[in-house]
Amino acid sequence: MLLIVGHVMRAHGIRGEVLVHPRTDEPALRFAVGSTLVVEPAVAGLPGTLTVEEARPHSGELIVTFAEITDRNTAELAKSAVLNVDSAEVPAPEDPDEFLDHQLVGLDVVTVGGEPLGKVTRIDHAPSSDLLVVRMPDGRTGLIPFVSAIVPEVDVPGGRIVVDPPGGLFDL
């Protein structure tokens, strides 16, 4: 599974640099010199992978030099390119109560009583708390706040998340 770590906003200067909006908690790690990023979906005129030669912060974004982008014309082609890493290359968090989004997507969601509620389709990162977006058996979408009071157990190896939803959470 590919994980988005940033996207190219525009070309920067005449030497092939690009301005990148990072979409990762660890931009220094993901855009370290020598890192290889996958361009997915493919962009005409760009190779499928880009190797970071240099990255530096700039007004909340990054100015990045890739080995494969050597001039302004190629940098212009990269505009709006989505930059990804393979999830297999991302180590699991050391904190047992911290999870990466891709670890949770696809897990079954059940109540503390064992009633199936559906499957996690994605994680929405809201200002107050993360939300598990769950596709329910009847086709509806449920949003479950990802807080310990409502989600007492996450069993990634077992493929399930146990929730204790308050009454009315799915009544809308």
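Residues numbered from 1 in each chain as written. Predicted model: local features only at pLDDT ≥ 70, side-chain atom pairs only at ≥ 80, totals over all residues. Heavy atoms only, no water.

K.L.:
Help me out: how do you make sense of the overall build of the protein chain in this one?
P.N.:
Assigned secondary structure in the protein chain consists of three helices and 12 strands. Against the globule reference of 16 Å for 172 residues, the protein chain gives a C-alpha radius of gyration of 20 Å, more extended than a compact globule. C-alpha extents for the protein chain along the principal axes are approximately 60 × 30 × 25 Å. Excluding contacts between residues fewer than 6 apart, the proportion of contacts in the protein chain whose partners are at least 24 apart in sequence is 46%. (Helix = DSSP H or I, 4+ residues; strand = E, 2+ residues; numbered from the N terminus. Rg over C-alpha atoms; globule rule 2.2 N^0.38 Å. Contact = heavy atoms within 4.5 Å.)

K.L.:
Help me understand the packing of aromatic side chains, please; the structure alone is not making it clear to me.
P.N.:
The relative placement of two aromatic rings is captured by the distance of their centres and the angle of their planes. Within the structure shown, the criterion is met by one aromatic pair. Judged by centre distance (6.3 Å) and plane angle (45 degrees), the rings of Phe99 and Phe146 are tilted. Within this pair, whereas Phe99 is found in the loop between β6 (82-86) and α3 (101-104), its partner Phe146 is found in the loop between β10 (141-145) and β11 (153-155), the two being separated by 47 residues in sequence. A residue is classified by how much of its surface remains accessible, and Phe146, at 23% relative accessible area, is partly exposed. (Phe/Tyr/Trp six-rings, centres within 6.5 Å; stacked < 30°, edge-to-face > 60°. Buried < 20%, exposed > 50% of the residue type's maximum accessible area, 1.4 Å probe, protein only.)

K.L.:
Can you walk me through the sheet that holds β10 in this structure?
P.N.:
By way of backbone hydrogen bonds, the strands of a sheet pair with one another, either parallel or antiparallel. An order of β10-β9-β8-β7-β12-β11 is seen for the six strands of this open sheet, with the pairing classed as mixed. Edge positions in the open sheet fall to β10 and β11, since each of these has one partner strand only. Ignoring strand direction, the axes of neighbouring strands in this sheet form an average angle of 35 degrees. For strand β9 (residues 130-135) and β10, the ladder comprises five bridges, and the chain directions are antiparallel. If you follow Leu131 over to β10, its bridge partner there is Pro145. (Pairing = 2+ DSSP bridges. Axes fitted to C-alpha atoms, helices over the stretch in contact; angles between N-to-C directions.)

K.L.:
Looking at this model, I keep getting lost on the nonpolar core. Mind explaining?
P.N.:
Across soluble globular proteins, nonpolar side chains have a tendency to be buried as a group. By size, the foremost hydrophobic cluster in this structure holds 23 residues, and its most contacted members are Val18, Val20, Phe31, Leu37, Val64, Phe66 and Leu83. Broken down by secondary-structure element, the contributors of at least two residues to this core are β1 (2-12), β2 (17-22), β3 (36-39), β4 (49-58), β5 (61-66) and β6. Per element, the largest residue contribution to this core is four residues, and it comes from β1. Leave out the neighbours within four places in its chain, and Val20 touches Gly6, His7, Val8, Met9, Phe31, Glu61, Leu62, Val64 and Leu83. Counting 15 residues, the second largest nonpolar core, distinct from the first, contains Val120, Met136, Ile150 and Phe170. (Core = buried A, V, L, I, M, F, W, Y, C linked by side-chain atoms within 4.5 Å.)

K.L.:
What am I meant to see in the sheet that holds β4 here?
P.N.:
Pairing is antiparallel in the closed barrel, where six strands are placed in the order β1-β2-β5-β4-β3-β6. Here the strands of the sheet are splayed against their neighbours by 50 degrees on average, with no regard to which way each runs. Note: β4 against β5, six bridges, orientation antiparallel. Paired with Pro57 across the bridge in β5 is Leu62.

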